[in-house]
Amino acid sequence: MRLHKKTRITLVSFVLAAFLLLALLNNPIAAAQEAEQQDLEAEMKFLKALIHFIQENYYTDVDTDELIKGACKGIIESLEDPYSTYFSPREYTDFSEQASGTYSGIGVVITKKDKYIVVVSPMPDGPAARAGIEAGDRIIMADDKELTGMDLSEAASYIKGPKGTKVTLKIMREGETNLLTFTIERDEIEINPVDYRVIDNQIGYIRLMDFNEHAFDHIIEALYEFELWQVKGILLDLRNNPGGLLDQAFKVADIFVPKGKTIVKIVRDEGEVLEELKSVKQYKQYPLVVLVNGGSASASEIVAGAIQDNGAGTIIGTKTFGKATVQKTVNLGKLGGFKVTVARYQTPAGRDINEVGIQPDVVVEPLKVQLPEFAPLGDMRVLKKGVIGLDVYGVQQRLKYLGYYQGEENGIYDQSTARAVADFQAANNLPVKGYVDEATYRLLEKAVQEKPHKRDDVQLKKALEILRQHFDKKVVNQ
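The structure displayed is predicted, hence computed values, not measured ones.

**Examining the overall build of the chain**
Looking only at helices and strands, one finds 14 helices and 19 strands in the chain. Taking all 478 residues of the chain together, 45% fall into the buried category. Relative to all contacts within the chain whose residues are 6 or more apart in sequence, the contacts with residues 24 or more apart total 65%. Here the chain displays about 24800 Å² of accessible surface, and carbon together with sulfur accounts for 52% of that area.

**Regarding the packing of helix 11 (residues 390-402) against helix 12 (residues 415-427)**
Helix 12 packs onto helix 11 with a crossing angle of 55° between their chain directions and a minimal axis gap of 11 Å. Here helix 11 is positioned oblique relative to helix 12, judged by the angle of their axes. When the axes of helix 11 and helix 12 are compared, the crossing they make is left-handed. Packed against helix 11, whose contacting residues are Gln396, Leu399 and Leu402, the element helix 12 presents Thr417, Ala420, Val421 and Phe424 at the interface. Looking at the contact of helix 11 with helix 12 residue by residue, the class counts come to five nonpolar, two polar and no charged.

**A word on the nonpolar core**
Within the largest apolar cluster, 56 residues are counted, with the highest numbers of intra-cluster contacts made by Ile206, Ile234, Val303 and Ile307. The contacts of Ile206, once residues within four sequence positions are left out, are Val194, Asp195, Tyr196, Ile219, Ala222, Leu223, Phe226, Ile234, Leu235, Leu236 and Asp237. Of all hydrophobic cores here, the second largest spans 21 residues; its members include Ala418, Tyr441, Leu444 and Ala447.

**A short note on the sheet that holds strand 15 (residues 288-292)**
With mixed pairing, six strands are arranged side by side in an open sheet as 10-11-12-15-16-19. The two strands at the open ends of the sheet, each matched to only one other strand, are strand 10 (194-199) and strand 19 (362-363). By the bridge criterion, five bridges tie strand 11 (residues 203-208) to strand 12 (residues 233-237) in an arrangement that is parallel. Bridge pairing in strand 12 places Arg207 opposite Asp237.

**Points about the packing of aromatic side chains**
Tallying each qualifying case throughout the model produces six aromatic pairs. Measuring from centroid to centroid gives 4.9 Å for Tyr58 and Tyr59, while their planes differ by 55°, and the two rings are tilted. The class of Tyr58 is partly exposed, set by a relative accessible area of 45%. Here Tyr59 falls in the exposed class, since its relative accessible area comes to 71%. Among the aromatic residues, those joined into a cluster by ring pairs are Phe87, Tyr92 and Phe95.

**Some points on the side chain of Ser100**
Among the structural elements, Ser100 can be located in helix 5 (residues 89-100). In this view, Ser100 contacts Asn212, Glu213 and His214; residues no more than four positions away in its chain are not counted.

**Describing helix 10 (residues 299-309)**
With respect to burial, helix 10 is a largely interior element, 10 of its 11 residues being buried. All of the buried residues in helix 10 are Ala299, Ser300, Glu301, Ile302, Val303, Ala304, Gly305, Ala306, Ile307 and Gln308. Summarising the contacts, the buried residues of helix 10 are in contact with strand 12, helix 9 (246-256), strand 13 (262-267), strand 15, strand 16 (314-317) and strand 18 (337-346). Positive backbone phi, at 60°, marks Gly311, one or two positions downstream of helix 10.

**Quick notes on the environment of Thr347**
Within the secondary structure layout, Thr347 lies in the loop between strand 18 and strand 19. On the basis of relative accessible area, Thr347 is assigned to the buried category, the value being 2%. With residues up to four places along the chain from it excluded, the contact list for Thr347 reads Lys265, Gly305, Asp309 and Ile353. Here Asp309 takes part through its side chain, which lies 2.6 Å from a polar atom of the side chain of Thr347.

**Considering the pairing of strand 8 (residues 180-185)**
A one-sided burial pattern is seen for strand 8, the buried positions being Leu180, Phe182 and Ile184 and the unburied ones Thr181, Thr183 and Glu185. Relative to strand 8, strand 7 (residues 166-172) runs antiparallel, the two being bridged by six bridges. Within strand 8, the residue paired with Lys170 across the bridge is Thr181.

**A short note on the environment of Leu335**
Residue position: Leu335 is located in the loop between strand 17 (325-331) and strand 18. Through-space distance from the C-alpha of Leu335 to that of Glu66 is 8.2 Å; in sequence the pair is 269 residues apart.

Criteria and thresholds
Residues numbered from 1 in each chain as written. Predicted model: local features only at pLDDT ≥ 70, side-chain atom pairs only at ≥ 80, totals over all residues. Heavy atoms only, no water. Helix = DSSP H or I, 4+ residues; strand = E, 2+ residues; numbered from the N terminus. Buried < 20%, exposed > 50% of the residue type's maximum accessible area, 1.4 Å probe, protein only. Contact = heavy atoms within 4.5 Å. Areas by Shrake-Rupley, 256 points an atom, 1.4 Å probe, with all protein chains shown as cover. Axes fitted to C-alpha atoms, helices over the stretch in contact; angles between N-to-C directions. Parallel < 35°, antiparallel > 145°, perpendicular 65-115°, else oblique. Left-handed = near helix turned anticlockwise from the far one by under 90°. Nonpolar A, V, L, I, M, F, W, Y, C, P; charged D, E, K, R; others polar. Core = buried A, V, L, I, M, F, W, Y, C linked by side-chain atoms within 4.5 Å. Pairing = 2+ DSSP bridges. Phe/Tyr/Trp six-rings, centres within 6.5 Å; stacked < 30°, edge-to-face > 60°. Polar contact = N/O pair within 3.5 Å; in protein donor to acceptor, adjacent residues only side chain to side chain.

What follows is the structure, given as structure tokens:
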């Protein structure tokens, strides 16, 4: 919509004032220096005059919103801080959903492959799974929108929508000659960042993928199950956890750090302590080992640092990433939003680990495994009985490596190959077809890449070994 010149200038004045006010209200450091903002008045007047000049003199009409967005982006980028970022409206929505761990949609993980939007996996018991959407499905249309060739983020915006609304998808599925139609009612989808299990009937293993709003609740759920199992120790896996919400980092650390002990110090750049957060609850304490690596950052480092400095557990793995800055976010409505660094943090012992990382108590480098040389899989054509080719040979190689195929690797898709494919599909929750489709190709390649890590996770083995030593010591002491 194009606005009258005077209306545009009024809008610019309002937006600039609102932008400044939001920054003050959402940034405790800036709020403490409110008097200094008087010095910005001249600069703000200049920015207003510049926008006015462009609107009056540019050779064609300009969109006021886009000018303001550009100003916002330039302001944030001028900080030269990798953790301060301006978001477009769509980017801000995606960022907020990731942080909250909740969104309204149909419950599918999607990716872009070639020009198609492809379902990686439907979430268990989600709307899409209940409707019959399968891994490998290509989403061609969402309602009347053609998704083929569309950017992944844009395509997702047409699939998502308010809870209770419906979306009609046109699906291309391997083996089907016509497009399939699914009408799915959207619901609130919660992303669970926690995976847990009991190892050897005595060790509770928790893998935390990120610190979204549901992290603490799901860890408490895991601990409840562990208590029923009467586990003797906890293994917390924070490897490749990029961080997330500060309050969730505090709550998670509060579980493992004894009551009254410092968890983290929020400081200014000069080292002045703004806030010192201490453990407030007392949970049942177990022998604890925490796994970290170079992908463990931010909130993960807050938890690992609190546990290490308070002697609440043993940190194992490799040095962490080294991000010790705190960001706040501001929602600018139709202008998008931004996050900006407002403070740094230190571990309880006063360590600044920014760009340094946390050195584990026990350093264990991951085992580097050289995969066998496999024949290429080509253009992923459908492989059925009677088909011959190098891609069949490649599939046979991979299936043998994974332990599903015992026959001769000869490039001929025979009965034994079909049986091995069916066994692989059944073991990996794929529709058992006995032939190789796109979803089977994808999962087969993923399984090959993951096998060395599952089999030779030396960091996990060391963590289990140290926990078992804790148990042995307790037996000896008794």
